[in-house]
Amino acid sequence: MYRKFVSLVSFLVGLCSMVYAIEPRVYVAKYKGDKACAISYTFDDGLAEHYTLVAPQLECCGFRGTFFINGSKINEDTAHRRDTTRMTWGELKEMAQRGHEISNHGWAHRNLAKFPLEVIKEDIRRNDSVIYARVGVMPRTYAYPNNTKEGEEAMAFAAQGRVGTRLEQRSVGSKRSARDLENWMNTLIRTGDWGVGMTHGLTYGFDAFRDPQRLWEHWDRVKANEDKIWVGTFREVISYIKEREAIRLVVKEKKHKLYVLPQLELDKELFVEPLTLVVTVAEGQKVTAKQDGKKLSVHQQVGKAVFDFDPFGGRILVTIR
């Protein structure tokens, strides 16, 4: 009799453990879409072939890039260009309308280590103003000219009113072989990191590929791994990361429903990137979700359901059947 009792208790404990193991768990994915890693491709100085070559090729893959420009070098929208190696304001505006990020690399590319603070401030302010006036978007990121990050006051000013500045990047230009680019991609997938690629020219200029086919083939391989890689603009990815790190989820459960209240205290005028919520479920369970009464698009995967939500929005209702 005692052995039967012990066996029954063991069975019940095991059953409880099994039920506990399949209880839904809610968390914000590390990257959008619950991808394993993220990559942003950034291009400096506003070269003409960023418009003619880079942006169209990115779009063929369904990607968008970040283009850090120097306003003093951009051409007016006239038949005659004073510098045929640079884009026009009209081209930049068109790229922004197609989803690319146009952002601040200094009006005249002033190196933070070589100019007084007030000169640096004016270089940054002027470029913000002209990009907003001519492209129609306020730059919310910044790339340091010559990659020089010196002077606490200058760096603090560069970061004001932005979601982030480009502190680290990896050259994807002429010095990188096809094998280098392949290894970089695979390493990011394995480590779950965010890679920020940077280059200037494709067929001319500093760090140019000469033959851009190497970059096109790299993007084809990234596209083939898009189930693992989120390719987003610099602003999108850094916004997502900072929102994810700052958000708090208040979760309550009642029968087959989860009530998730997101709480985020960042500036919602700056941080506008949706976050991805992951709900782990048992095999065969189906999930629907609404936020503020609006149905959210849920993607069912093995053992979990994934959907994007507004981190500044109201309560999310998750129903599990």
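Read on for a plain summary of the structure. (Residues numbered from 1 in each chain as written. Predicted model: local features only at pLDDT ≥ 70, side-chain atom pairs only at ≥ 80, totals over all residues. Heavy atoms only, no water.)

1. Points about the overall build of the chain
Cut-off, in case you're wondering: Secondary structure elements are taken from DSSP: a helix is a run of H or I of four residues or more, a strand is a run of E of two residues or more, and numbering for both begins at the N terminus. For every residue, the accessible area obtained with a 1.4 Å probe (protein chains only) is divided by the maximum for its type, and the residue is called buried under 20%, exposed over 50%, and partly exposed between those limits. Residues count as neighbours in contact if any of their non-hydrogen atoms are within 4.5 Å of one another. Surface accessibility follows the Shrake-Rupley procedure with a 1.4 Å probe radius. Residue values consider only the protein chains on display as shielding. Counted as positive: Lys and Arg. Counted as negative: Asp and Glu. His and the chain ends are not counted at all. The atom standing in for a charge is NZ when the residue is Lys, CZ when it is Arg, CG when it is Asp and CD when it is Glu.
On a plain count of helices and strands, the chain comes out with 8 helices and 17 strands. Taking the principal axes of its C-alpha atoms as reference, the chain extends roughly 95 × 40 × 35 Å. The 321 residues of the chain split such that 45% are buried. Taking the contacts inside the chain whose residues are at least 6 apart along the sequence as the reference set, 71% of them involve residues at least 24 apart. Carbon and sulfur atoms form 52% of the exposed surface of the chain, whose accessible area is close to 16,600 Å². Treating the 49 positive side-chain charges of the chain as one cloud and the 41 negative ones as another, the clouds have centres 6 Å apart.

2. Here's the deal with the nonpolar core
Note the threshold: Among the buried residues, those of types Ala, Val, Leu, Ile, Met, Phe, Trp, Tyr and Cys that are joined through side-chain atoms within 4.5 Å form a nonpolar core.
In this structure, Tyr-41, Phe-43, Trp-89, Leu-92, Ile-102, Trp-219 and Val-222 are the most contacted members of the largest nonpolar core, which totals 35 residues. Of all elements in the fold, only β2 (37–44), α2 (48–60), β3 (66–69), α3 (89–97), α4 (117–135), α6 (178–191), α7 (213–224) and β9 (229–231) reach the threshold of two or more residues within this core. Once residues lying within four places of it in the same chain are set aside, the contact partners of Val-222 are Ile-39, Tyr-41, Phe-63, Met-185, Ile-229 and Val-231. In this structure, Ala-29, Trp-230, Phe-307 and Ile-320 belong to the second largest nonpolar core, which totals 28 residues.

3. Re the packing of aromatic side chains
Keep this limit in mind: Under the pairing criterion, centres of Phe, Tyr and Trp rings, with the six-membered ring standing for Trp, must be within 6.5 Å; the plane angle then separates stacked pairs below 30 degrees from edge-to-face pairs above 60, leaving the rest tilted.
Tallied over the entire structure, the rule returns 9 aromatic pairs. A ring pair is formed by Tyr-41 and Trp-184, whose centres lie 6.3 Å apart and whose planes are at 80°; its orientation type is edge-to-face. Highlighted residues: Tyr-41 in strand β2 and Trp-184 in helix α6, separated in sequence by 143 residues. Look at Trp-184 and you get buried, because its relative accessible area is 9%. Seen from their ring centres, Trp-216 and Trp-219 are 5.5 Å apart, and the 35° between their planes marks the pair as tilted. In this pair, Trp-216 and Trp-219 are both assigned in helix α7, 3 residues apart and thus about one turn of the helix distant. On the basis of relative accessibility, which here comes to 11%, the residue Trp-216 falls in the buried class. For Trp-219, a relative accessible area of 0% corresponds to the buried category. Members of the aromatic cluster, each reached through a chain of ring pairs, are Tyr-41, Phe-43, Phe-67, Trp-184, Trp-216 and Trp-219.

4. Overview of the sheet that holds strand β15 (residues 299–301)
Backbone hydrogen bonds hold the strands of a sheet together, and the pairing may be parallel or antiparallel. This is how it is decided: Think of it this way: DSSP has to see at least two bridges between two strands before they count as a pair. Axis geometry follows a simple rule: fit a line to the C-alpha atoms, using only the stretch in contact for helices, then measure angles between N-to-C directions, giving values from 0 to 180 degrees.
In spatial order, the strands read β1-β12-β16-β15; together these 4 strands make up an open sheet with antiparallel pairing. Each of the sheet's edge strands pairs with one partner strand only, and the pair in question is β1 (25–28) and β15. Averaged over neighbouring strand pairs, the angle between their axes works out to 25° when direction is ignored. The strands touched by helix α8 (residues 234–246) are β1 and β12 (275–280); relative to β12, the strand with the most contacts, the crossing angle is about 50°.

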